[in-house]
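Working through the structure, step by step
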Amino acid sequence: MCPSKGDNSKVTKRLLDCVRAEDTVARQGGDEFIIVLNSIGKSIDAAKVAQKILDTLELPFCINGNEFFIGSSIGIAVFPNDGSDAETLLKNSDVAMYHAKENGRSNFQFYTEGLNKSFHERQALSLDLRYALARDEFVLYYQPLFSGVDNQLYGVEALIRWQHPERDMVAPDKFISLAEETGLIIPIGEWVIETACKQINAWQAQGYCVPRVAINLSARQFQDNKLVSNISRILKKTGVESKYIALEITESMLVDNIERVIETLSHLNEMGIHISIDDFGTGYSSLSYLKQFPINTLKIDRSFVRDIVVDKSDYAIVSAIIAMAHSLEMEVVAEGIETEEQLNILLRQKCNYFQGYYFSKPVIASGVERFLRKKAQCVNKLKVIHSKIRS
Ligand code: C2E
Ligand code: MG
Ligand code: MG
C-alpha cells in the first residue's frame, strides 16, 4: 500500500488527523498500521473512528504531481472482551482485518460478531430515522411525578418512543444518540416540544389539570443557537403558558462554555420556563457552578435510588444531594422509585417529588387522563406512607 517513506508519512498524517492526542498510531511494518484508541466511551464508538479513517484514506494521494488511490481494511479488537493483553488484541484484530479484506475494499470488521451486528443495526436504524418524522412515527409517552407536600400530581415527563413500521416500539436510548450524530435531533426535538404543548392544550380543553410537562433536551439541542427563539415560537403558536413547561438538561451540558450556558438558561428562566437537572449525580459538574445557574430542580439519578435501601453510600449520597439542593433553594425529584421501601426513605429524607414505576410507568396521553380520573390510588400510596412516618 505504501512503498516509499514519503508516501507513508502522508498516510500517517491522515491517520493522526482521525484520532485524539492521547491515542497511538504506529506502523507495524509493510502496509500495516496499529491504532490504539484509549478514550472511546463505548466499543461501538470505535466504528466511528474506523469509518473516519476509511473515508480519509479514500481521498487521492498526490505524489510527484500524480494522483494515487489506495484501499484499506480495518480489523477492530476491543479490550478486554477481545483480549486482555496486547498480544491477544493484536492477534484478534488481525483476524478481524482478514475478515474485512474478504468483504472487499474499504471496510472494517469487529472481532466480535455481536459488535458487527449492532453496528449494522445502528446503520439501518439511522437510515430509517431520516424518514421517521415525515412518516409521523414518533409518539410521546408521559410519566407522572408526585408531590410529597400535598400528595398530588406535580407534573408529567414527556418521553419519546419510535413506532418503527417493522420493529417493536424503539426506546429513546436506541435512537436519540443517532439523532444527535446526524443532527436530526433538532427537528425531532422541536416536534417533541410542539407535541407536548398541543397535549397541554388538549388536557386543559378536557378539564384535566396537569401542572407541568417536563421535556428532555439533548446536548445538541441545548447548544443550538435557535433553541430559545424556537421555544418562544412554539409557545406563541400553541398559546401555551411557559409555566406549564419544564426543560430537563444534564450536568454535562453545563460544563462547556459557561457564559453561553448562563445566557441560555437566563433567557429560558426569564421566559418563566422551569429548569431541571436530570440524572443528577452521574456527571462531573462542579457543585460550585450550580449556584451560578438559574436551576429550579435537581432530579436524582435512578442508579442512586435503586439501591438506596441496601447501600449505605447511595443513602448518604441521596441525603447529601437533597440537603445541598435545599440549601441552594432548589427542589429535588427522585426518579426510578420502584418500591414502597425506597419511597419511604426518600420521604424521610425530605425529597420533594417522586417518579417511578411504583406509581406508574410512562403511558400514552389517554393513560394520564385515566390516571387523573382515578388518581386516588396513587395519592393513597403517598398518604399511607406519610401517616406511617408520622406515627
Ligand atoms: P430520563 O430523562 O432520565 O428518563 C427516565 C427514564 O427512566 C425513562 O426511560 C423512564 O421510562 C425510565 N424510568 C422511569 N421510572 C423508572 C423506574 O421506576 N424504573 C426503571 N427501571 N426505569 C424507570 P426512557 O423513556 O427509555 O428514556 C430514556 C432516556 O431517553 C431519558 O432518560 C432521556 O434522557 C432520553 N429521552 C427520552 N425522551 C426524550 C426526548 O424527547 N428528547 C431527548 N433529547 N431525550 C429523550
Ligand atoms: Mg428526563
Ligand atoms: Mg433521568
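Residues numbered from 1 in each chain as written. Chains lettered and ligands numbered in written order. Predicted model: local features only at pLDDT ≥ 70, side-chain atom pairs only at ≥ 80, totals over all residues. Heavy atoms only, no water.

Some thoughts on the overall build of the protein chain
We apply this condition: The secondary structure listing takes helices from DSSP runs of H or I that are at least 4 residues long and strands from runs of E that are at least 2 residues long, numbered from the N terminus. Contact between two residues is taken to exist if any of their heavy atoms lie within 4.5 Å; hydrogens are not considered. Areas reported as accessible are Shrake-Rupley estimates using a 1.4 Å probe. Residue values count occlusion only from the protein chains shown. When charges are counted, Lys and Arg are positive and Asp and Glu negative, with His and the chain ends excluded. Charge coordinates come from a single atom per side chain, which is NZ of Lys, CZ of Arg, CG of Asp or CD of Glu.
Each helix and strand in the protein chain was counted, giving 15 helices and 14 strands. Taken over the C-alpha atoms alone, the protein chain extends approximately 80 × 50 × 45 Å along its principal axes. When contacts within the protein chain are restricted to residue pairs at least 6 apart in sequence, long-range pairs at least 24 apart make up 64% of them. Of the roughly 20200 Å² of accessible surface on the protein chain, a fraction of 51% belongs to carbon and sulfur atoms. Here the protein chain contributes 44 positive and 50 negative side-chain charges, whose respective centroids are spaced 5 Å apart.

Examining helix 13 (residues 340–348)
Selection rule: For every residue, the accessible area (1.4 Å probe, protein chains only) is compared with the maximum for its type, and the residue is labelled buried under 20%, exposed over 50%, or partly exposed between those bounds.
Inspection of helix 13 places Gln 342, Leu 343, Asn 344, Ile 345, Leu 346 and Leu 347 among the buried residues, and these make up the whole buried set. Of the residues trailing helix 13, Lys 350 is marked for its positive phi of about 70 degrees.

Observations concerning helix 5 (residues 172–182)
Defined as follows: Summarising the geometry, the arc corresponds to the directions from the helix axis toward the C-beta atoms.
Within helix 5, the full set of buried residues consists of Phe 175, Leu 178 and Ala 179. Down the axis of helix 5, the buried side of the element spans an arc of 100 degrees, and every buried residue falls inside it. Among the structural elements, helix 4 (113–132), strand 7 (138–147), strand 8 (153–162) and helix 6 (185–205) are those in contact with the buried residues of helix 5.

Here we look at the packing of aromatic side chains
Formally: Stacked, tilted and edge-to-face pairs are distinguished by plane angle, under 30 degrees for stacked and over 60 for edge-to-face with tilted covering the rest, among Phe, Tyr and Trp rings (Trp via its six-membered ring) whose centres lie within 6.5 Å.
Enumeration according to the criterion identifies ten aromatic pairs in this entry. Where Phe 108 meets Phe 119, the ring centres are 4.9 Å apart and the plane angle is 65 degrees; that geometry is what we call edge-to-face. With a gap of eleven residues between them, Phe 108 in strand 6 (residues 107–110) and Phe 119 in helix 4 connect regions that are remote in the sequence. Comparing Phe 108 with Phe 119 shows no difference in burial state: the two are buried. Where Phe 138 meets Trp 162, the ring centres are 6.2 Å apart and the plane angle is 45 degrees; that geometry is what we call tilted.

All quantities given are derived from atomic positions and should not be read as evidence of function.
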